[in-house]
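So the chains spell out like this:
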Amino acid sequence: MNSAVTSSRIDVATALHSGARPYQEDCIIADFPIGRDSGFAVLADGMGAHASGDLASKLIVGRVFGLLKTQIDVLETDPDGVQDTLLTCVEQANNAIRDHVRNEPDDRGMGATLVVLLLLRGNLYWASVGDSPLYVARSGELIRLNEDHSMAPRIKAMVAAGQLSAEKAAMHPDRNALTSAIFGAQVARVDCPATPFEMQDGDTIILSSDGLQSLRDEEILKTVRRHGQRSSHQLTEALLEAALDLRRPEQDNISVIVGKYAAVQRPAHFEAPQSQAAQNSDIPEEVTDVMDLDVEEASDALLEALSL
């Protein structure tokens, strides 16, 4: 009898849309090589208007990509270092903004939210700063994993306590005000739990900027249910279309990363292919082979590919 081991695969797709804005301030990347049980994704929603917000998100994603790309092999064999690595990602992202502003003081005030997602053999880890949501859809439910670092939870609590009406809460001017973000100064709050979320066969990961939250959670879940048997690419398109179909004149940039997780049985002697080709991700060819580069070199390679 041939013994088997439980492994996994994840079908990943990404999408960006400027919404009703004349410029794109979101930046995303996903790296899930074929044949491996591990991978990562990074999302930053820039702030600072036009060029500054766009630049901030790219600087952050470039820096974090470089760090994780050089560390992923170590973390696969020694997951005890995951939390420290993710916290270092936040620190390095913050340093990237700080260093830029020191050289370009006119860009002071630029910043971004950040979510770093790391999947290691069925265990989902993350670090996040800001309000960009990380969901897992499972068995007909939508679970938000990360904290919302905006005023929205506080306003919701005021409604629950009877201090504010639901109507006034929906129109509250401070609803989307951030309580933590990456600005190059001290980061007020970081959500980075030590205990991972254990993935199950059939789970769907949805990582997005807050632009997708034009849709209520119920509407996101409805879209997932309707397209749950389709590919991650098709589900990503469906989520994007559902948000854009609202035709909101103030629609923010939308960025989405969808990962459909499947547990599979493989022979015990199975060896994963060494290909570093990304699985349905949007990583430029110029930066898919940076395993031998240090963090700064890998970061620079990505920024060059992004034409920054």
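Quick note: structure is the one above.
One structure accompanies this document, and this report is about it. Keep in mind the model is a prediction, meaning the values are calculated, not measured.

Focus: the layout of surface pockets
Moving on, step 1. Of the volumes computed, that of the largest pocket is approximately 1,400 Å³.
Moving on, step 2. Listed by contribution, the elements that provide at least two residues to the lining of the largest pocket are β3 (38-47), α3 (152-160), α4 (166-170) and α5 (217-226).
Moving on, step 3. Ranked by residues supplied to the lining of the largest pocket, first place goes to α3 with five residues.
Moving on, step 4. Split into classes, the residues belonging to the lining of the largest pocket amount to 14 nonpolar, ten polar and 16 charged.

Quick look at α5
Moving on, step 1. Among the residues of α5, Ile220, Leu221, Thr223 and Val224 are the ones counted as buried. One side of α5 carries all its buried residues, which in axial view fall inside an arc of 160 degrees. In this structure, α5 carries Glu218, Lys222, Arg225 and Arg226 as exposed residues pointing more than 90 degrees from its buried face.
Moving on, step 2. Residues of α5 that are buried sit in contact with β7 (134-138), β8 (141-144), β10 (204-208) and α6 (232-244).

What about the pattern of salt bridges?
Moving on, step 1. Taken as a whole and judged by the stated rule, the model has ten salt bridges.
Moving on, step 2. For Arg98, the salt bridge is made with Asp99, and the minimal N-O distance between the two is 3.0 Å.
Moving on, step 3. Arg98 sits in the partly exposed class, given a relative accessible area of 30%.
Moving on, step 4. Looking at Asp99, the relative accessible area reads 28%, which means it is partly exposed.
Moving on, step 5. Salt-bridge contacts for Arg138 lead to Asp203; the nearest nitrogen and oxygen are separated by 2.7 Å. With a gap of 65 residues between them, Arg138 in strand β7 and Asp203 in the loop between β9 (197-198) and β10 connect regions that are remote in the sequence.
Moving on, step 6. On the accessibility criterion, Arg138 (17% relative accessible area) is buried.
Moving on, step 7. One continuous salt-bridge network, built from bridges that share partners, spans Arg36, Asp73 and Glu76.

The rules behind these values
- Residues numbered from 1 in each chain as written.
- Predicted model: local features only at pLDDT ≥ 70, side-chain atom pairs only at ≥ 80, totals over all residues.
- Heavy atoms only, no water.
- 1 Å grid on protein atoms, 1.4 Å probe; cavity = no way out; pocket = protein on both sides within 12 Å on 5 of 7 lines; lining within 4 Å.
- Points joined across faces, edges and corners; volume = space filled by probe spheres on them.
- Helix = DSSP H or I, 4+ residues; strand = E, 2+ residues; numbered from the N terminus.
- Nonpolar A, V, L, I, M, F, W, Y, C, P; charged D, E, K, R; others polar.
- Buried < 20%, exposed > 50% of the residue type's maximum accessible area, 1.4 Å probe, protein only.
- Arc of directions from axis to C-beta.
- Contact = heavy atoms within 4.5 Å.
- Salt bridge = Lys/Arg side-chain N within 4 Å of Asp/Glu carboxyl O.

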